[in-house]
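Observations on chain architecture
So you can see what is in the structure, the chains are spelled out below.
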Amino acid sequence: MSNFDDPAWVQAAELFVEIVIPCEFFFADGLMVLGFDIIKEAEKCDCQVIYRTGSKSEVVDYTRTINSIKNWIVQNKELI
């Protein structure tokens with residue numbers, strides 16, 4: 001399984017946490033909207049993805065990643 005097999009919300013969440021959250025700059029409203037959209041999609045799946053390889057399956061929980069985005073929104077919503 002490669003990173004390209006991840007659902008779009010997982011890829012977006014990981015990029016958001018790695019790129020947007022660490023930056024200390026003025027950001028556009030669009031990043032806040034993107035954060036909300038990622039959270040909304042993740043919560044549809046309980047922040048989890050089931051990866052299947054043959055007869056094996058593995059559940060990966062992205063709650064921690066989504067909580068990072070939620071915390072970022074709470075900390076920065078006054079700046080928008």
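One structure accompanies this document, and this report is about it.

How each quantity is defined
Residues numbered from 1 in each chain as written. Predicted model: local features only at pLDDT ≥ 70, side-chain atom pairs only at ≥ 80, totals over all residues. Heavy atoms only, no water. Helix = DSSP H or I, 4+ residues; strand = E, 2+ residues; numbered from the N terminus. Buried < 20%, exposed > 50% of the residue type's maximum accessible area, 1.4 Å probe, protein only. Areas by Shrake-Rupley, 256 points an atom, 1.4 Å probe, with all protein chains shown as cover. Lys, Arg positive; Asp, Glu negative; His and termini not counted. Charge placed at Lys NZ, Arg CZ, Asp CG, Glu CD. Contact = heavy atoms within 4.5 Å. Polar contact = N/O pair within 3.5 Å; in protein donor to acceptor, adjacent residues only side chain to side chain. Expected span 1.5 Å × (residues − 1). Arc of directions from axis to C-beta.

**Quick word on the overall build of the protein chain**
When you go through the protein chain residue by residue, the secondary structure sums to three helices and two strands. Helices (α) and strands (β) of the protein chain occur, in sequence order from the N terminus, as α-α-β-β-α. Residue burial in the protein chain is summarised as follows: out of 80 residues, 28% are buried. On the protein chain, roughly 5800 Å² of surface is accessible, and the fraction owed to carbon and sulfur atoms is 53%. Side chains of the protein chain carry 7 positive and 13 negative charges; the gap between the two charge centres is 6 Å.

**Some words on the environment of Asp 6**
Tracing the backbone through its elements, the reader meets Asp 6 in the segment before helix 1 (8–20). Note on Asp 6: relative accessible area 11%, which makes it buried. Along the primary structure Asp 6 and Tyr 51 are separated by 45 residues, whereas in three dimensions their C-alpha atoms are 8.7 Å apart. Look past the residues within four positions of Asp 6 in its chain and what remains in contact with it is Gln 11, Glu 14, Tyr 51 and Tyr 62. Side-chain polar atoms of Asp 6 contact the side chain of Tyr 51, separated by 2.5 Å.

**Looking at helix 3 (residues 63–76)**
Helix length check: helix 3 (14 residues) gives 20 Å between terminal C-alpha atoms against 20 Å at 1.5 Å per residue, within 8%. Buried within helix 3 are the following residues: Thr 65, Ile 66, Ile 69, Trp 72, Ile 73 and Asn 76. One side of helix 3 holds all its buried residues, which, seen down the axis, span an arc of 115°. Within helix 3, the exposed residues directed more than 90 degrees away from the buried face are Arg 64, Val 74 and Gln 75. Where helix 3 is buried, its residues contact helix 1 and helix 2 (29–44).

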